[in-house]
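Listed below are the residues making up each chain.
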Amino acid sequence: MAGQYPYPPPRPVPSGRNRTTLWGVLGIVIGLICCGVLGVIFGYLSIRDARRYGSSPVLGWVAIVLSVLNILGTGILRGTGNYPGWR
């Protein structure tokens, strides 16, 4: 049949290590437990690697959102004087 083309070859995977999941999980855990700023940084790294390797950036966005909520919550608690151990 005229007009039919074969499927294109699969896209080559860039060389290197895909650390999208690692950065995302680190961002969520560290962003919730101790340091929101590091959580935002790791979330950004997860999104960057997701774009680079063509995977889902959901873990990175979750890490950023939870880290920002941690930063805001900590700021509110410290501002009102209700932060535990901050007297």
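Residues numbered from 1 in each chain as written. Predicted model: local features only at pLDDT ≥ 70, side-chain atom pairs only at ≥ 80, totals over all residues. Heavy atoms only, no water.

A closer look at the overall build of the protein chain
- For the protein chain, the count of helices and strands is 3 helices and 0 strands.
- The buried share of the protein chain, reckoned over its 87 residues, is 25%. (Helix = DSSP H or I, 4+ residues; strand = E, 2+ residues; numbered from the N terminus. Buried < 20%, exposed > 50% of the residue type's maximum accessible area, 1.4 Å probe, protein only.)

Focus: the packing of aromatic side chains
- Within this structure, the stated rule accounts for 1 aromatic pair.
- Between Trp-23 and Phe-42, the aromatic rings sit 5.5 Å apart at their centres with planes inclined by 15°, giving stacked as the arrangement. On the criterion of sequence distance, the pair formed by Trp-23 in helix H1 (residues 20-33) and Phe-42 in helix H2 (residues 36-53) is long-range, its members being 19 residues apart. Neither residue differs from the other here; Trp-23 and Phe-42 are each classed as buried. (Phe/Tyr/Trp six-rings, centres within 6.5 Å; stacked < 30°, edge-to-face > 60°.)

Describing H2
- In this model H2 runs 26 Å from its N-terminal to its C-terminal C-alpha over 18 residues, within 8% of the 26 Å that 1.5 Å per residue would give.
- Of the positions making up H2, those classed as buried are Gly-36, Gly-39, Phe-42, Gly-43, Leu-45, Ser-46, Ile-47, Asp-49, Ala-50 and Tyr-53.
- Phi turns positive one or two residues past the end of H2, at Gly-54, with a value near 75°. (Expected span 1.5 Å × (residues − 1).)

With respect to the pattern of salt bridges
- Using the criterion set out here, one finds 2 salt bridges in the structure.
- Linking Arg-48 and Asp-49 is a salt bridge whose minimum nitrogen-to-oxygen distance equals 3.4 Å.
- For Arg-48, a relative accessible area of 31% puts it in the partly exposed group.
- Close ionic contact of Asp-49 with Arg-52 constitutes a salt bridge, the shortest N to O distance being 3.7 Å. Placement of both Asp-49 and Arg-52 in helix H2 is noted, with a separation of 3 residues, approximately one turn of the helix. (Salt bridge = Lys/Arg side-chain N within 4 Å of Asp/Glu carboxyl O.)

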